[in-house]
Amino acid sequence: MTTLYDRVAGDLRRRIQKAEYPAGSKLPSESALVAQYNVSMPTLRMALERLQLEGLIEKFHGKGNYVRQPYPRISYGTDRQAAENIGLRVFVSADRIEAQDTVAKLLGVPTGTHLIEYSHLSFHEDDPYCLAKVYVPTDLATTNLPGEPVSPWGDQVERHLAEAGVPTVRAVERVKARTASGDESRTLRMPSRAAVLEIERTSTDADGRVVVAAVLVLPGNRSDAVFTTYTPVQEAEAAQ
């Protein structure tokens, strides 16, 4: 059943897609939209929130609702060039922390174990785009930042470990959709109920020890997870 706010959101979405409200333009005031669609203010705001969650508009308190520039989509998967192709700038920091329950479980270590957390915050132009946190036990790493090239996903951390004599031989990735946490919403400038893709990646060494754990957070309205699987024949051909 189509609700009133679905119909309002659908009409505004159509107008935005047809450039009746072009990128960067301000929508009519909320009171004007209430009168235009003959709906209540709560119904209108639910429709506007839907468009916010889709990344079509952005609300500035005291100024109004503005149409956003279309987001270039970013793909996470076996082709790591996808992130570089849209020109992300990556800022990395490193801190010593104690493992909380979720991260401790990923690494298979006791809660409170000392770790190095490498935090990667990526920007496209002025917009924060994705967040990756990479965790390594302190007996394997220091707070010195791994070298170039810097990946939005923290891939250079594993390269850094391999150069230090701790190569990883296996990685397991788990993908799930959820709503953003409060901290993630603030960091990535998303509505509080926005959907994100969370990718947990654990990498093990030859002895089966998890030496790197990563948690990647990608806004759902601008991200894809793309994985390529080769048949046994293709794997054999690739190995030749």
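In this text the structure is predicted, and so the values were computed from the model without any measurement. All chains use their own residue numbering, which begins from 1 and follows the written sequence. Selection of residues for local features in this predicted model requires a pLDDT of at least 70, selection of side-chain atom pairs for listing and counting requires 80 or more, and totals for whole chains, interfaces and linings are taken over all residues. To get the side-chain values, take all heavy atoms of the structure and skip hydrogens and water.

Participant: Explain the overall build of the protein to me, please; I cannot follow it from the model alone.
Facilitator: The secondary structure listing takes helices from DSSP runs of H or I that are at least 4 residues long and strands from runs of E that are at least 2 residues long, numbered from the N terminus. Secondary structure summary: the protein contains eight helices and ten strands in total. Burial classes follow relative accessibility: with a 1.4 Å probe on protein chains only, a residue under 20% of its type's maximum area counts as buried, one over 50% as exposed, and anything between as partly exposed. Out of the 240 residues in the protein, the part that is buried amounts to 40%. Working rule for contacts: check all heavy atoms of both residues, and any pair within 4.5 Å makes them a contact. Partitioning the intrachain contacts of the protein with sequence separation of at least 6 by distance along the chain shows that 60% fall at a separation of at least 24. Accessible surface, the protein: about 13,200 Å² in total, of which carbon and sulfur atoms supply 51%. Under the counting rule used here, the positive set is Lys and Arg, the negative set is Asp and Glu, and His together with the chain ends is not counted. In plain terms, the charge of a residue is placed at NZ if it is Lys, CZ if Arg, CG if Asp and CD if Glu. Each charge class in the protein was averaged separately, 28 positive and 31 negative side chains, and the resulting centres sit 9 Å apart. Per-residue accessibility takes into account occlusion by the displayed protein chains alone, with areas from the Shrake-Rupley method and a 1.4 Å probe.

Participant: Would you mind going over unusual backbone geometry with me for this structure?
Facilitator: Across residues other than glycine, the phi torsion is negative in most instances, and most of the peptide bonds are trans. Here the residue pair Glu148 and Pro149 is connected by a cis peptide bond, since its omega of -10° sits within 30 degrees of zero. Even without being glycine, Asn38 reaches a positive phi, approximately 55°. Mapped onto the elements, Asn38 comes out in the loop between α2 (30-37) and α3 (41-53).

Participant: What should I look at first to understand helix α6 (residues 155-163) in this one?
Facilitator: Working note: α-helix, 3.6 residues per turn, so residues spaced by three or four point in the same direction. For α6, the set of buried residues is Asp155, Gln156, Val157, Glu158 and Leu161. Packing partners of the buried residues in α6 comprise β4 (89-98), β5 (114-124), β6 (127-137), β8 (195-204) and β9 (210-219). Backbone geometry just downstream of α6 places Gly165 in the positive-phi region, at approximately 95°.

Participant: Even after reading the chapter, I still don't get the packing of helix α1 (residues 4-17) against α2, so can you show me in this structure?
Facilitator: The geometry of a pair of packed helices is captured by two quantities: the angle between their axes and the separation between those axes. Geometry is summarised by axes, namely lines fitted to C-alpha atoms with helices restricted to the contacting stretch, and by angles between N-to-C directions that run from 0 to 180 degrees. The contact between α1 and α2 brings their axes to 12 Å, and the two run at 110°. What the angle tells us is that α1 and α2 run roughly perpendicular. Of the two possible hands of crossing, α1 and α2 adopt the one that is right-handed. Within the contact between the two elements, α1 uses Val8, Asp11, Leu12 and Arg15 and α2 uses Leu33, Gln36 and Tyr37. Taken together, the residues of the contact of α1 with α2 sort by class into four nonpolar, one polar and two charged. Note that the term roughly parallel is reserved for angles under 35 degrees, roughly antiparallel for angles over 145, roughly perpendicular for angles of 65 to 115, and oblique for everything else. Crossing handedness is read from the near helix: turned anticlockwise from the far helix by less than a right angle, it gives a left-handed crossing, and turned clockwise, a right-handed one. Throughout, the ten residues Ala, Val, Leu, Ile, Met, Phe, Trp, Tyr, Cys and Pro are labelled nonpolar, Asp, Glu, Lys and Arg are labelled charged, and all others, Gly among them, are labelled polar.

Participant: Got a minute to help me understand the nonpolar core in this structure?
Facilitator: Generally speaking, nonpolar side chains in soluble globular proteins are found buried as a group. By nonpolar core is meant a set of buried Ala, Val, Leu, Ile, Met, Phe, Trp, Tyr and Cys residues that side-chain atoms within 4.5 Å join together. Of all hydrophobic cores here, the largest spans 25 residues; its most connected members are Ile74, Tyr118, Val136, Trp153, Leu216 and Leu218. Broken down by secondary-structure element, the contributors of at least two residues to this core are β3 (74-77), β5, β6, α6, β8 and β9. With near-sequence residues (within four places) excluded, Tyr118 lies in contact with Ser93, Ala94, Ala132, Lys133, Val134, Val136, Ala141, Thr142, Asn144, Leu145, Pro146 and Val157. By size, the runner-up hydrophobic cluster in this structure holds 16 residues, among which are Val8, Leu27, Leu51 and Ile57.

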